[in-house]
Amino acid sequence: MGRYGFFVLLALAAVWIILVESLSWQSLAFGLLLGAFCTYFSDMFLPPIEAARTINIKKLFFFPLYVIWQVYSAGFQMLKFVIVGGKFAFINVRTNLKSETLRVLLMDSITFVPGSISVDMHDDTIMTLCMYDKKLDADDPKHRAAFYDWIVSGMEDYLARAEIEEKAVGYTDDYDDNDEEVS
């Protein structure tokens, strides 16, 4: 578990005590037990810490506020589609994010925004069911940019800022400019 896991366990226990609004040994014990249960299952299902090192967490600090902004703006757009009318279609959206963790975060954020539900993800393609303006045609390649803007709505750009480029470790150039081997 390590020191990091111990601090997570204490933080989860503190959240439990705040939620139950009781500072007793029973609530503390149950909070620690619940925290241990949560950290055990998160270790089973979440990516290892090595995968998280490819993400600059500091640049994601305001991402939840950005998603909330997207929720409200898409909500007003959905209100228009409900009143005027709209269509539904499955749209495949390609993402340029290299980190699987950020792709999953993008997929979950798409689902959180009204009018679109992420259905499946294969490599860099996210299949979404989305509601859109009835004037657009889902099969027309000219309208693909509009669907991309509607579904992703800048969230991919925000997440791409948090991606850390992997550096080649231990790479040496064994050839000079004339493609001759350097001794």
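Residues numbered from 1 in each chain as written. Predicted model: local features only at pLDDT ≥ 70, side-chain atom pairs only at ≥ 80, totals over all residues. Heavy atoms only, no water.

Focus on the overall build of the chain
Each helix and strand counted, the chain has 7 helices and 3 strands in total. The N-to-C order of helical and strand elements in the chain reads α-α-α-α-β-α-β-β-α-α. Scored against the burial criterion, the 183 residues of the chain give a buried share of 28%. Within the chain, counting contacts between residues at least 6 apart in sequence, those at least 24 apart form 64% of the total. With the model as given, the accessible surface of the chain reaches about 13200 Å², and the carbon-plus-sulfur share is 63%. (Helix = DSSP H or I, 4+ residues; strand = E, 2+ residues; numbered from the N terminus. Buried < 20%, exposed > 50% of the residue type's maximum accessible area, 1.4 Å probe, protein only. Contact = heavy atoms within 4.5 Å. Areas by Shrake-Rupley, 256 points an atom, 1.4 Å probe, with all protein chains shown as cover.)

With respect to the sheet that holds strand E3 (residues 125-133)
Sheet architecture is open: 3 strands sit in the order E1-E3-E2, paired in antiparallel fashion. Every other strand in the sheet has two partners, leaving strand E1 (86-94) and strand E2 (116-122) as the edge strands with one partner each. Averaged over all pairs of adjacent strands, the angle between strand axes in this sheet comes to 25 degrees, irrespective of strand direction. In the sheet, E1 pairs with E3 via 9 bridges, with the strands oriented antiparallel. Residue Gly86 lies in a different strand from E3, and its bridge partner there is Asp133. Taken strand by strand, helix H4 (residues 63-84) contacts E1 and E3, and its axis lies near 55 degrees from that of E3. Set on the sheet, helix H6 (residues 144-152) makes contact with E1 and E3; between it and E1 the angle comes to about 90 degrees. (Pairing = 2+ DSSP bridges. Axes fitted to C-alpha atoms, helices over the stretch in contact; angles between N-to-C directions.)

Observations regarding helix H5 (residues 100-112)
Taking 1.5 Å per residue, 13 residues should reach 18 Å; H5 reaches 18 Å between its end C-alpha atoms and fits that length. Where H5 is concerned, the buried positions are Leu102, Arg103, Leu106, Met107, Ser109 and Ile110. The buried residues of H5 occupy an angular sector of 165 degrees when projected down its axis, which confines them to one face. Among the exposed residues of H5, those pointing more than 90 degrees away from its buried face are Glu100 and Phe112. Where H5 is buried, its residues touch H4, E2, E3, H6 and helix H7 (155-160). For H5, the capping residue at the N-terminal end is Ser99, with a side-chain oxygen 3.3 Å from the backbone nitrogen of Thr101. (Expected span 1.5 Å × (residues − 1). Arc of directions from axis to C-beta. Polar contact = N/O pair within 3.5 Å; in protein donor to acceptor, adjacent residues only side chain to side chain.)

What to know about the nonpolar core
Leu60, Phe63, Ile91, Leu106, Met155 and Leu159 are the most contacted members of the largest nonpolar core, which has 27 residues in total. Looking at this core, the elements that each hand over two or more residues are H4, E1, H5, E3, H6 and H7. (Core = buried A, V, L, I, M, F, W, Y, C linked by side-chain atoms within 4.5 Å.)

Honestly, that's just the spatial picture; any functional story needs more than this.
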